[in-house]
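Take a look at the letters that make up each chain.
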Amino acid sequence: MDGETVALDVGSTTLHIARSIKNVKNITVVTNSLAAAEILNNRLENHLFDGNVIVLGGTTNPLQRSISGPLTNQLLEHFYFDKAFISCGGMSKEGICDFNIDKATASTIMMKRSGSVFVVTDSSKMNQKALFHIGSFPSIDCVISDQEMPADWSKDAMVRNVKWINAGAMDAQTSSRGEGIM
């Protein structure tokens, strides 16, 4: 992860990613999450990693502690990311989706501008559909969730090719060794 540029999406699940960034050098994290920016700034102040945090401009959403809208999307179109960590409001065999069109549009751009896409989600989002489509499985490299891939999904060729990490199982293993996910 040293030297990489990472997009970090809005969502409670992506905050776990922000909290896990440590022991990396010269990383740049670009986010539209005010909550993640605060966490990352505190981690920078405490020298837990070295790099920069870029907070995107746009219209704030106080309930989500996020920034989105046309300005956010315009800024995102100018970045290239090594990795993007994307959250979602729902996930089905068709892909991922969200309830907020502005947030979903920013997520779609992050995915499009990234070399590798990691979707971070919890089991409550499985087999759920929300208003706006973000991306399909061919555009996703890895899913990080608190459960295994649903058994019936593994029969679908587009879904089967996506790496699936059960973070719940990882948490149990790493907490016994005192390690984090990243």
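Residues numbered from 1 in each chain as written. Predicted model: local features only at pLDDT ≥ 70, side-chain atom pairs only at ≥ 80, totals over all residues. Heavy atoms only, no water.

1. As for the overall build of the chain
A tally of helices and strands in the chain yields 6 helices and 12 strands. Taking 2.2 N^0.38 as the reference for a compact globule, 182 residues should give roughly 16 Å; the C-alpha atoms of the chain span a radius of gyration of 16 Å, in line with that estimate. Split into buried and exposed, the 182 residues of the chain put 48% on the buried side. Carbon and sulfur atoms provide 51% of the accessible area of the chain, an area that totals close to 8900 Å². Distance between charge centroids for the chain: 2 Å, based on 16 positive and 19 negative side chains. (Helix = DSSP H or I, 4+ residues; strand = E, 2+ residues; numbered from the N terminus. Rg over C-alpha atoms; globule rule 2.2 N^0.38 Å. Buried < 20%, exposed > 50% of the residue type's maximum accessible area, 1.4 Å probe, protein only. Areas by Shrake-Rupley, 256 points an atom, 1.4 Å probe, with all protein chains shown as cover. Lys, Arg positive; Asp, Glu negative; His and termini not counted. Charge placed at Lys NZ, Arg CZ, Asp CG, Glu CD.)

2. A closer look at the nonpolar core
Judged by nonpolar contacts, the single largest core of 27 residues is most densely connected at Met91, Ile96 and Phe137. Those elements that provide at least two residues to this core are strand 6 (81–86), helix 4 (101–112) and strand 9 (114–120). Take this core: its biggest share by element is 5 residues, from helix 4. Contact partners of Phe137, with chain neighbours within four places excluded, come to Met91, Ser92, Lys93, Glu94, Gly95, Val143, Trp153, Met158, Val159, Val162 and Trp164. Of all hydrophobic cores here, the second largest spans 21 residues; its members include Leu8, Leu40, Cys142 and Ile144. (Core = buried A, V, L, I, M, F, W, Y, C linked by side-chain atoms within 4.5 Å. Contact = heavy atoms within 4.5 Å.)

3. Points about the sheet that holds strand 6
The strand order 3-2-1-6-9-11-12 describes an open sheet built from 7 strands, whose pairing is parallel. Strands with a single pairing partner mark the edges of an open sheet, and in this sheet they are strand 3 (51–55) and strand 12 (163–166). When strand polarity is set aside, the average angle formed by the axes of neighbouring strands in this sheet is 20°. For strand 1 (residues 5–8) and strand 6, the ladder comprises 3 bridges, and the chain directions are parallel. Pairing of Ala7 across the sheet is with Ala84, part of strand 6. Relative to the sheet, helix 4 contacts strand 1, strand 6 and strand 9, its axis offset from that of strand 6 by approximately 145°. (Pairing = 2+ DSSP bridges. Axes fitted to C-alpha atoms, helices over the stretch in contact; angles between N-to-C directions.)

4. What to know about unusual backbone geometry
The phi angle at Asn23 is positive, at roughly 55°, despite the residue not being glycine. Mapped onto the fold, Asn23 is located in the loop between helix 1 (12–20) and strand 2 (27–31). In this structure, Asn127 is a non-glycine residue whose phi angle is positive, near 60°. Relative to the elements of secondary structure, Asn127 occurs in the loop between strand 9 and strand 10 (132–135).

5. Points about the side chain of Lys83
With respect to the helices and strands, Lys83 occurs in strand 6. Residue Lys83 is classed as buried on the basis of its relative accessible area, which comes to 18%. Here the side chain of Lys83 touches Glu4 through a polar contact of 3.2 Å, side chain to side chain. If near-sequence neighbours (up to four positions away) are discounted, Lys83 is found in contact with Met1, Glu4, Thr5, Val6, Ala7, Ser114, Ser116 and Phe118. (Polar contact = N/O pair within 3.5 Å; in protein donor to acceptor, adjacent residues only side chain to side chain.)

6. A short note on the confidence of the model for the chain
With 92% of its residues at a pLDDT of at least 70, the chain reaches an overall mean of 91. In this model, residues 172–182 is a region of pLDDT below 50 whose contacts with residues beyond four sequence positions or in other chains number 12 contacts. (pLDDT = per-residue confidence, 0-100.)

7. Looking at the sheet that holds strand 8 (residues 95–98)
Spatial strand order, 7-8-10: 3 strands in an open sheet with antiparallel pairing. The outermost strands of the open sheet, each flanked by one partner alone, are strand 7 (90–92) and strand 10. With strand direction ignored, the average angle separating the axes of adjacent strands in the sheet is 35°. In the sheet, strand 7 pairs with strand 8 via 3 bridges, with the strands oriented antiparallel. What sits directly across from Ser92, in strand 8, is Gly95. Along the sheet, helix 4 makes contact with strand 8 and strand 10, crossing strand 10 at roughly 15°.

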